[in-house]
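Now for the letters of each chain:
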Amino acid sequence: MHTDTHDTELLMAGPLLPQLMARIEAKYRVHRWWEIADRAAFLARHGSSIRGIATSGRYGATGEMIRSLPALEVIVSFGVGVDPIDMEAARERDVVVANTPGVLDDCVADTALALMLAVSRRICELDRFVRAGRWKNETPPLGRKLGGRRCGILGLGNIGRQIARRAEAFGMDIAYHNRSPRGDVPAHYRYCADVHALARESDILVLSLPGGGATRGLIDEGVIDALGAQGILVNVSRGSVVDQEALVRALREGRLAGAGLDVFENEPEVPAELCAMEQVVLSPHIGSSTVETRQAMADLVFSNLEGWFEQRRVLTPVA
Ligand code: 8YV
């Protein structure tokens, strides 16, 4: 069935991938939220005809936005994390929310392994060493091997499982913590009953759990100390999960060996002290940023929109 959607009005919360924006704007009547100067006047005029929000894990959708659109039916988000979407407001208003799970698991897991390797083998530090001409007069410092060390995964969901597979291929032992043990993972993955136990049993602790209120500040001073002075923290989930000040303090005081961070508490702000640390590898939230995966995410966003407005069914609803 083909339905004409040209008159369907959408609010786009922020700029998305250019080719995705072009595709959406060719098919729907799109209002660009970030370009609207007088938002109150805009809402008074168009608020009651907007049926969908196109957003991302970066822009989200606030409760205020959701409640100010009485005709809203669907929120379609680019990314798997829905922490900046007010899910409760969406539920109250019977608004369907769709994200892009599945298509980015490989790339986010690759990013986690890249950070694990980069920190353990001191790749970025040694790159700076070579560029500074120090090789001529100095012996490069030694790294640590991954094989034989313990990889703890906090959040063994789809992404976490891909991280586990990769870490196993490097010869690491796998432990994890979820709300409950998973029955569908290899029996030799050790389940730890809480975050502290997992940190104690890990050489490298990888965070791949959802952000949001329920996990805010979960990685605090106590967990960092349980990971210990030889430990490495890798975060590919959300900056909000980590008490960033406690992390910086532990790195400064040598109570943690290193960190590989793709996400931060207040992106794109990164504390200057972190930027100055040799034992830290920083990346600008690029977990899913490959040509292939971003295209797959864009296709899924578009299919979710089409699915809703043509068949009243999104492909990947958030449960
Ligand atoms: C995206 C992400 O970069 O999927 C997620 O939750 O964090 C990333 O894949 C983000 O959603 C786009 O802004």
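These numbers come from a predicted model, not from an experiment. (Residues numbered from 1 in each chain as written. Predicted model: local features only at pLDDT ≥ 70, side-chain atom pairs only at ≥ 80, totals over all residues. Heavy atoms only, no water.)

Draft legend 1. Quick look at empty space enclosed by the protein. Going through the model one piece at a time under the given rule, you end up with 1 cavity of 30 Å³ or more. Its volume calculated, the largest cavity comes out at about 40 Å³. Contributing to the lining of the largest cavity are Asn 235, Gly 239, Val 242, Gln 244, Leu 247, Leu 261, Val 263, Phe 264 and Glu 265. (1 Å grid on protein atoms, 1.4 Å probe; cavity = no way out; pocket = protein on both sides within 12 Å on 5 of 7 lines; lining within 4 Å. Points joined across faces, edges and corners; volume = space filled by probe spheres on them.)

Draft legend 2. Just the sheet that holds strand β2 (residues 29-32), in detail. With parallel pairing, 5 strands are arranged side by side in an open sheet as β2-β1-β3-β4-β5. Each edge of the sheet is formed by a strand with only one pairing partner; in this case those strands are β2 and β5 (96-98). Pairs of neighbouring strands in the sheet enclose a mean axial angle of 20 degrees, with direction left out of account. Here helix α1 (residues 18-27) sits on the sheet and contacts β1 (9-12), β2, β3 (50-56) and β4 (74-78); the angle it forms with β2, its principal contact strand, is near 130 degrees. The strands that helix α12 (residues 291-311) touches are β1, β3, β4 and β5; relative to β4, the one it contacts most, it runs at about 170 degrees. (Pairing = 2+ DSSP bridges. Helix = DSSP H or I, 4+ residues; strand = E, 2+ residues; numbered from the N terminus. Axes fitted to C-alpha atoms, helices over the stretch in contact; angles between N-to-C directions. Contact = heavy atoms within 4.5 Å.)

Draft legend 3. Spatial organisation of the UniProt feature "domain: D-isomer specific 2-hydroxyacid dehydrogenase catalytic" (unreviewed entry) in the protein. Those residues carrying the UniProt feature "domain: D-isomer specific 2-hydroxyacid dehydrogenase catalytic" (unreviewed entry) are residues 43-318 in this numbering. Between the first and last C-alpha atoms of residues 43-318 the distance is 26 Å; the span itself is 36% helix and 15% strand. (UniProt positions renumbered as here; feature names shortened; annotations may be inferred.)

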